[in-house]
Amino acid sequence: MNDAQAYKVGYLLRSAITGFVAGTRVSEQDAPQFGALVKAPLNPGMWIYGLIYAMNIDDDGTVRQIATSDNVDEVVVADNRKNRTVPLEISVLTVGHRREEAVSHLLPPRAPLSLDIVWQCQPAEVAEFTERLGYFRHILRNTANPELPAAELLAAHIHQAAADHPDGTWRQRASQEIITLLRDDYETLMQVMSALADAS
Amino acid sequence: MPINYLDLRQQAKAEALKARTALKQVEERRAVAAALLQQRASDLEAIRQSVADAAHLDPRLRCALPSSEPLTHAGGLPAAPAAYTLIAADGSQINPNAHAPVHYFLVNLGAIRLQGGGDQAPDVFTHSDLHVAEYTRSGGYSEEMVSLERDKGERKLVAELAESAAQQPIITLTDGPLELWGEKAAGYGDDKAFSEHLSEYLAALEQLHQRGAATAGYVDKPRADLLVRMLEVLQLPEGSDAQALRARPLRGVTDAHLLRDLLQPGERSAVFGIQSQSAGRYFGHLALHFFYLNVGKPGAPWLARVEIPGWVAGNPALLDALHAVLVAQNNILGSYTYPYVLHRAHEIALVKYEEHEQVAQLIINELRAMGVEPGELSQKQAAKNLPGRRRFTL
């Protein structure tokens, strides 16, 4: 993630205080990553931060029919990816916000608006937002939600964010924070630790 | 009041019983037609003469005319060209509504142009044409007139896109017959407006001819009986009059029904010309022709009628390219045997129902911005728009 540039993830489709969904063209799906920290504007000088926890590409009747053909022509594949309006939906879990220079891991005061641009955060911003670890509670609050794979999300996020912390101790601090937060939930703790081990 | 399903059920039963009887009769007639087709398969010149004689008795006669291929011809699937340009266009419209505040219509054209044999995404095009009918020269438009605008627009669009096509051969497709319909339906006192549309339509066809493109109209699930009608003409006794010609001994048999067992998947029928009252408008290399194509699978035949102009009918290379590309296109959508590019053109052109209201509001806003107060919704429509009674639910 160190060489990441300011990247437009997509346009905001729908939102709530606790999360939002951005849409983008399917052909651009290689840019955003599961677990990445992204941000959407709220007011001038104010941003909402979140982690990408899901990506969906809906099918339709035409795609289902094409998929049953023996050989799908390259032109047809290219047409469906480039021309047909099948957006990649990127779901984001809100983990905090920023007002001017002050980073907060509290939920934002309002939800972002439709068609706001969602940006991927650059390494310095990731390092700044994740310096404190209070935002982990937003992820661990959702461990019972099958749509939000909390253990996998934490593992992917920690793996990416650790690369943006030059001191090299961040990953250890993050692991310790998770152990503290999940000390009464042994099953989830083991899931997260197992995922973290796989991600290292 | 809801539909009276009790009555309907009885009626449906009675209709099903009638259908079973009628089907048996149609099968018998089909057997007669199939035998006649075999008997007269190579008797082409005599058939042409019989049709000409019959057309003399009744100029409104509409039937097939044999060309150079035997009636039972079944042309195998040719190899597809290594590279080609395929263009398809379709149209969609918002029809004028006399009860709406503004009498307007919209013709939305969609097209796709792909390079066959490559791997690049095709180009897609849309063209939206809005008419606020109160302020046009005619003062009003019927749904049939809008359909004419749409059909003409489709042909003009494919002709325009063919001009800049990169690869030869060029194949263009539209959904439905090649012939421009609507002269009678439009209900003009004179056919001046229709003639103007037709002139533009023929000019677009001529443009495609000049470009050397194979243009075609694709008719899915055809119910026509042009070939069967021709066989009826052959059954007429010597010296028959116009009244005898109007008898329909093979009524109910369609061409697709007749040819279903003759054509294997991928095969096309012979190419036929069309004897009709309107044929005079499409003369020379523009003369209307057609063939049937089995785009189905083994054991599940599905016949489409493909209408082509004379210059395509008389050019074996163009005909083969069209034949091969159509079969390939019909294999893309899985179990649905319909050309992929036509499906896509339809998708591109489609005006969704919810867009009707948005377009109307757009016009109203612009009219008001110009100081023009739009009309009012009719009282009848306003009453229809009242919310219906809803069931109370928790």
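Throughout, a residue's number is its position along its own chain's written sequence, starting from 1. Chain A is the first chain written and ligand 1 is the first ligand written, with later ones labelled in order. The model is predicted, so local features are restricted to residues of pLDDT at least 70 and side-chain atom pairs to those at 80 or more, both for listing and for counting; the totals for chains, interfaces and linings are taken over all residues. Hydrogens are left out, water is left out, and the side-chain values use all remaining heavy atoms of the structure.

Undergrad: Whenever I open this one, a nonpolar patch on the surface confuses me. Can you help?
TA: On the surface, B:I3, B:Y5 and B:L8 cluster together to form a nonpolar patch covering roughly 330 Å² of accessible area. Within the element layout of this structure, B:L8 appears in helix α1 (residues 5-39). Within this analysis, patches are made of residues with over 30% relative accessible area and no salt bridge. Like charges are joined at 9 Å or less; nonpolar side chains (Val, Leu, Ile, Met, Phe, Trp, Tyr) at 5 Å or less. For the accessible areas, the method is Shrake-Rupley and the probe is 1.4 Å, while residue cover comes only from the protein chains on display. The term salt bridge refers to a pairing of a side-chain nitrogen on Lys or Arg with a carboxyl oxygen on Asp or Glu at a separation within 4 Å. The helix and strand labels rest on DSSP assignments: H or I over at least four residues marks a helix, E over at least two residues marks a strand, and numbering proceeds from the N terminus.

Undergrad: Whenever I open this one, unusual backbone geometry confuses me. Can you help?
TA: It is generally the case that most residues other than glycine have a negative phi and that most peptide bonds are trans. All names here are of chain B. The linkage connecting Q168 with the following residue, P169, adopts the cis geometry, with an omega of -5 degrees. With respect to the element layout, P169 can be found in the loop between α3 (143-163) and β5 (170-175). A positive phi angle, near 45 degrees, is found at K221, a position not held by glycine. Looking at the element boundaries, K221 is found in the loop between β6 (214-219) and α5 (226-235). Throughout, exposure labels follow a simple rule: accessible area from a 1.4 Å probe, protein chains only, divided by the maximum for the residue type, with under 20% read as buried, over 50% as exposed, and the rest as partly exposed. K221 gets classed as exposed once you look at its relative accessible area, which sits at 55%.

Undergrad: Explanation requested: the side chain of A:K39 in the structure shown.
TA: Residues and elements named next belong to chain A. Among the secondary structure elements, K39 is positioned in strand β3 (residues 37-43). Identification of polar contacts relies on pairs of N or O atoms within 3.5 Å, with a donor-acceptor requirement for protein atoms, meaning one able to donate a hydrogen and the other able to accept it, and with residues adjacent in sequence counted only if both atoms are side-chain atoms. In terms of polar contacts, K39 uses its side chain to reach the side chain of E125, at 2.9 Å. Ignoring any residue separated from it by four or fewer positions in sequence, one finds K39 in contact with W47, I48, Y49, I117, V118, W119, C121 and E125. The contact definition used throughout considers only heavy atoms, calling two residues in contact when any of these lie within 4.5 Å.

Undergrad: Explain the pattern of salt bridges to me, please; I cannot follow it from the model alone.
TA: Where charged atoms of side chains with opposite charge meet at close range, the side chains can pair. Residue and element names in this part refer to chain B. In this structure the tally under the stated criterion is 30 salt bridges over all chains. Two residues, R248 and E232, come together in a salt bridge whose shortest N-O distance is 2.5 Å. Highlighted residues: R248 in the loop between α6 (242-246) and α7 (255-259) and E232 in helix α5, separated in sequence by 16 residues. Comparing R248 with E232, the two get one shared label, buried.

Undergrad: Whenever I open this one, the side chain of B:H197 confuses me. Can you help?
TA: With respect to the secondary-structure elements, B:H197 resides in helix α4 (residues 192-211). Residues within four places of B:H197 in sequence aside, it is in contact with B:L148, B:E149, B:K152 and B:L180.

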